Each structure stands twice: as C-alpha cells, then as structure tokens.
2 protein chains.
Amino acid sequence: MTKVLAREPSRKLPEPAPVRHRLRGHERRAEILAAATKVFHRKGYEAASLQDIADELGIRKASLFYYFPSKEELLHEVLASIIARGIANLRRIMEVPADPLTVLWRLIAGHILHLCEYLEETAVFLHERKSIPAEKRHTVLADDHTYQNHFVETIREGQAAGLIRSDVDAKLAALSVLGSANWTYTWFRRGGSMKPEVIGEQFATMSVNGLASEKALEIWRKPSLSEAVSPSTARR
Amino acid sequence: MTKVLAREPSRKLPEPAPVRHRLRGHERRAEILAAATKVFHRKGYEAASLQDIADELGIRKASLFYYFPSKEELLHEVLASIIARGIANLRRIMEVPADPLTVLWRLIAGHILHLCEYLEETAVFLHERKSIPAEKRHTVLADDHTYQNHFVETIREGQAAGLIRSDVDAKLAALSVLGSANWTYTWFRRGGSMKPEVIGEQFATMSVNGLASEKALEIWRKPSLSEAVSPSTARR
DNA sequence: CCTACCGATCGGTAGG
DNA sequence: CCTACCGATCGGTAGG
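Thresholds applied
Residues numbered from 1 in each chain as written. Chains lettered and ligands numbered in written order. Predicted model: local features only at pLDDT ≥ 70, side-chain atom pairs only at ≥ 80, totals over all residues. Heavy atoms only, no water. Near = heavy atom within 4 Å. Polar contact = N/O pair within 3.5 Å; in protein donor to acceptor, adjacent residues only side chain to side chain. Nonpolar A, V, L, I, M, F, W, Y, C, P; charged D, E, K, R; others polar. Least-squares fit on C-alpha atoms with pLDDT ≥ 70 in both. Contact = heavy atoms within 4.5 Å. Domains from an automatic or database assignment. Buried area = accessible area lost by both parts, 1.4 Å probe. Salt bridge = Lys/Arg side-chain N within 4 Å of Asp/Glu carboxyl O. Helix = DSSP H or I, 4+ residues; strand = E, 2+ residues; numbered from the N terminus. Axes fitted to C-alpha atoms, helices over the stretch in contact; angles between N-to-C directions. Left-handed = near helix turned anticlockwise from the far one by under 90°. Buried < 20%, exposed > 50% of the residue type's maximum accessible area, 1.4 Å probe, protein only. Phe/Tyr/Trp six-rings, centres within 6.5 Å; stacked < 30°, edge-to-face > 60°. pLDDT = per-residue confidence, 0-100. Core = buried A, V, L, I, M, F, W, Y, C linked by side-chain atoms within 4.5 Å.

A. Summary view of the protein's contact with DNA strand D. Taken together, 15 residues surround DNA strand D, and among them Lys61 and Lys71 of chain A together with Arg28, Ser63 and Tyr66 of chain B come closest. In DNA strand D, atoms within 4 Å of the protein come from the sugar-phosphate backbone in 56% of cases. Contact between DNA strand D and Leu50 of chain A: a phosphate oxygen at 3.0 Å from a main-chain N or O atom of the residue. At 2.8 Å from a phosphate oxygen of DNA strand D is found a main-chain nitrogen or oxygen belonging to Lys71 of chain A. Counted by class, the surface near DNA strand D contains 8 nonpolar, 3 polar and 4 charged residues.

Now the structure itself:
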C-alpha cells in the first residue's frame, strides 16, 4: 500500500526498485547465506548447485546473482563469517585471566561448544576451506592461522611455566588438540545422546592431561564449564 | 610377436581383443584406480571429472567405462580398498601381545604411519566417505565401524585393567584419539619437516597420557616405534 | 526479484 | 580401447 503513495510507477526502471531492495536486501542476503550454508553442508560445496539454494528459498536461480556475483563468493562469505565468529569466541575466552593450562582447557571446550552451536557453518568451513580459489583464500587462511595460533601460543606459555611437558612440539600438540576437537564435525548430531557440554568437558580434559607435566598433574584441577566458556556468553 | 602366431586377424571382433585385455586389464584397472585416487585427492570427488582421470592416463574418457561402470564405482573401489588395508594393518598390530595401554599406543602410531604412507587414499576415504550413495555405503561404513571398534575395545580393556581412567566414555575417548590422528590428512605433506614417525610417536604418547589412570602413569613406559608398528611390516 | 537464454561440461551410451 | 554422440545440468548473463 505504501508503495503506491511512495512513487509513481515508471515504465522502465534503470535499476530494480532501489528503496525496497536496499532495506530488504540485507535480510534477503542473510537468508541466502543461511540457505547456502545448509545446502553446502548437506551436499558439499561442489555437489551443491545454485538451483538447490534457490529452491530452498523458493526463488529463481538467476535471482541469486542480484545479491552475489558468484557461487564462489557465496562460499567465501560463509567461510569468512564463521571464522570471524570463531576468533571472537576465542578472544572472549582469553580475556579471563588464568594459568595457561586452564586457558587451554577453556579454549578447547569453548571451541567445541562453538562448533556444536554453529555446526553447519563450521562443518562447511572445515570441509570446504580448500575449495575456495587462491585469491579469496588468503584472508580466510590467515584467519585460520590466527585461530590456530591462539592454541600454539597458549601451549608455549604452558611450557614456559613448566605446566606442559617440554618434550612435545607445541605446533604438533596444537594440531593434535585441534584435530580431536575439529573431528567432532564429522560425527556430532544435534539432539543426539552426546551433549556438547559433555564432549567439550571430556575432550578438553583428555587433551590437557595428555600435555600436562608431572608437576602440573599434581597441582592443576580442571575448571568448571560455566566459567568463561558458557555458551550463553557467546550469543549472537 | 606371439600374438601373430596366436590367432589370425579377424575383421570385426564381437568383443575387443579378449586375451590381451584379460591379462592387461587388471593392470589397467589398477592404473585407473591410482589415477582416480590422485584426481579425487587433488580436486575432491565431486569436482573431479572422468575427463580429468582419462587425461591423467592419456586415454579417452569413454574408455574408462570399459573397466568401470560408473564414477561412483570408481570411488567405491578406492574406499573399499584402503579401508581393507587399514583393517589389516590394525590386525597385524594387535597380534603382538601387550598390555592395553601399549596396544593403544601402537594402534595410534600405526594408524598414523599408515595414513602417511597411503596419504592420498586415506584422505579420499576420510573426506569423501559420505559422497558414496546409500547402497554401496553399507559395506564401507561397516568396515569403518570395525576399524573404530578396535580402538573402543582396547580402551575398554584398559579401563577393565585399571590402566585407563574409568570416568571417560570409551566411545568418546576413541573419537578424540581418532580425530586427532585422522586430522593429520589435512596438514601432512610428504617431504615436509614433520616425519611420520615423529607424528606417530608424539600423537600416540599424548593420547595415551591423556587417558592413563594415575596408577598407569607411574608404571607404564611408552614402547619404541620399531616394535610391532614398523612401517616395514606393512609393505604392500 | 523475473524470463529467457547461453556455452561448456557433466556422466554415460551405442557400437565397434 | 576408440569415435561419435546424447540429454541433463552446470554457473552465469542480458535485460528488464
């Protein structure tokens, strides 16, 4: 109704209804990204077609190109968005002061809670990271490196403090810890018998026990999940 | 030369040169599977085309259908072959008697050595397992289950012997251990600075330390890589 | 957001 | 193993 008052109909618009689009466009963009995430997760990036995504939304395939220039760009935005969220999650955890072993425990548990909450996005990230071509890959891989570095540095600090065995390679240890946590995307199911909190707690404890020095094993006690890692602090 | 003596040339063969094919066919099949593994690994199953595989071999795409009925079957054989090899590897390791903690250590180290030796095959297996449609998936997933069960059972035995903490869930522990080891396929590079032996030894040690009970931490000493896990015992 | 369309490529078949 | 070919679908464009 308002649109009748807003302006007279013009025969040929040079651009499609700009005012209506500019406002709704962002919502539609978000909806398209959500649909793309879903389809990429279900079928894999390569097997997913733009037609699948359009069907998910009840629009025409060609309409997607009004919002995104290419399928690759769609993937890129999904990846860039979830890794940014992940980094923010880690930073929030590291803001709370604690000894390196406790920080590491929280990073692992927080990583897993985040993964389970954003399962589709994270699965697409971990599974399709390499499908994105060279140019756009740089920023995403740099962010990924930043993410992993938080684990490596925390492990190094643990070694400096004598809390983590000095005979392990910090990078290798981070890859082990992250691998065990990341792998969760391959088997975790929402509503299944394994609760994210249980997985996070057990995985973090196993990893920390695997790295702790003898001295640390005597004095260190595992923290509780609710401090600093609670999913409610990671609300959208 | 022998083929001139073997039979006269016939104008129109009802089937393509049967004798020559039956012998060479198995070699060609193996070559095609090797090429498919390479291409699936490089581009991913969905992005890989039969044309890519044919190009790798210098033959025509249509010729592939003389040996394999479909692209899916190609994938299926790659997957079935590597998981069978993996199970054989685990069985070989478990033949050598030892306490459950030592067996677990060897399973992990042996798993990683195997993964690094058959990197392309294993990467395709771990990355594309789900790309294979329902019918053919059953046997492969059953084998996968068998594989994982060796880890779960060994952990349960460790718990029964008081060597592994009783407060961990054996399945969850196996998923953690296997995740850390499997993840290697995403970052390991042949000829890189990380040697398979070092990765295997460190990962196995970290995982076992992460699960060992206090009692076990006092008495258990990690085995050497050469006993029972040596890659030379896993020759093709 | 739509209709209409395109060139390229896909897995696969016929027939030898 | 090859030539010749096919229907379907792909990502993407023109133009509104």
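B. Local environment of the relation of the copies chain A and chain B. Mapping chain A onto chain B calls for a screw motion: a turn of 180 degrees about the axis and a shift of 0.0 Å along it, with 0.0 Å RMSD after fitting. The operation mapping one copy onto its partner corresponds to a two-fold rotation axis. Most of the interface of chain A is mirrored in chain B, where 97% of its interface residues are also at the interface.

C. Just the domain arrangement of chain A, in detail. Residues and elements named next belong to chain A. Domain boundaries in chain A define domain 1 (25-69) and domain 2 (71-229). Here the C-alpha centre of domain 2 lies 29 Å away from the C-alpha centre of domain 1. Here domain 1 meets domain 2 over a buried area of about 1,400 Å², counting both sides, of which 74% is carbon and sulfur. Along the contact surface separating domain 1 from domain 2 lie 1 salt bridge. Applying the counting rule to domain 1 against domain 2 returns 5 residue pairs in polar contact (both at pLDDT 80 or more). Those elements that provide at least two residues to the side of domain 1 that touches domain 2 are α2 (18-43) and α3 (50-57). Of the residues forming the side of domain 1 that touches domain 2, the biggest block, 7 residues, is contributed by α2. Residue classes in the side of domain 1 that touches domain 2 are distributed as 10 nonpolar, 3 polar and 2 charged.

D. Fine view of the packing of helix α6 (residues 100-117) of chain B against helix α11 (residues 196-211) of chain B. Residue and element names in this part refer to chain B. One can describe the packing of α6 onto α11 by two numbers: an axis separation of 8 Å at closest approach and a directional angle of 145 degrees. Considering how the two elements wind past one another, α6 and α11 form a crossing that is right-handed. Mapping the contact onto sequence places Leu101, Leu104, Trp105, Ile108, Ala109, Ile112, Leu113 and Cys116 in α6 and Pro196, Glu197, Ile199, Gly200, Glu201, Phe203, Ala204, Thr205, Ser207, Val208 and Leu211 in α11. Classifying every residue of the contact of α6 with α11 by side-chain character gives 14 nonpolar, 3 polar and 2 charged.

E. Representation of the environment of Tyr67 of chain B. All names here are of chain B. Within the fold, Tyr67 resides in helix α4 (residues 64-67). With a relative accessible area of 18%, Tyr67 lands in the buried category. Tyr67 sits 41 residues away from His26 along the chain, and the two C-alpha atoms are 9.1 Å apart.

F. How the structure looks around the packing of aromatic side chains. All names here are of chain A. Per the counting criterion, the structure on display carries 8 aromatic pairs over all chains. A ring pair is formed by Phe40 and Tyr45, whose centres lie 5.1 Å apart and whose planes are at 75 degrees; its orientation type is edge-to-face. With respect to class, Phe40 is no different from Tyr45; both count as buried. Ring plane angle 45 degrees and centroid distance 6.3 Å describe the contact between Trp187 and Phe203, whose orientation is recorded as tilted. Of the two residues, Trp187 is situated in helix α10 (residues 184-187) and Phe203 in helix α11 (residues 196-211); the sequence distance between them amounts to 16 residues. Phe203 sits in the buried class, given a relative accessible area of 0%.

G. The interface of chain A and chain B, seen in detail. On the side of chain B, 31 residues touch chain A, which itself brings 32 residues to the contact. For the pairing of chain A and chain B, the buried interface totals around 2,800 Å² over both sides, and the portion due to carbon and sulfur atoms is 67%. In terms of surface lost to chain B, no three residues of chain A exceed Leu172, Trp183 and Met206 of chain A, which account for 25% of the buried area on that side. For the interface between chain A and chain B, the tally reads 0 salt bridges. At the junction of chain A and chain B, the tally comes to 7 residue pairs in polar contact (both at pLDDT 80 or more). Of the residues forming the side of chain A that touches chain B, the biggest block, 8 residues, is contributed by α11 of chain A. Considering only residue class, the side of chain A that touches chain B consists of 16 nonpolar, 9 polar and 7 charged.

H. Up close: the confidence of the model for chain A. All names here are of chain A. Averaged over all residues, the pLDDT of chain A equals 89, while 87% of them reach at least 70. Within chain A, helix α9 (residues 170-182) carries the highest mean pLDDT (99), whereas helix α1 (residues 2-6) carries the lowest (32). Taken as a whole, residues 1-21 scores under 50 in pLDDT and shows 6 contacts with residues more than four places along the chain or in a different chain. Of the regions scoring below 50 in pLDDT, residues 232-236 engages in 8 contacts with residues more than four places distant in sequence or in other chains.

I. Quick peek at the nonpolar core. Judged by nonpolar contacts, the single largest core of 147 residues is most densely connected at Ile53 and Phe151 of chain A together with Ile53 and Phe151 of chain B. Beyond its immediate sequence surroundings of up to four residues, Ile53 of chain B is in contact with Ile32, Ala35, Ala36, Val39, Phe40, Leu64 and Leu74 of chain B.

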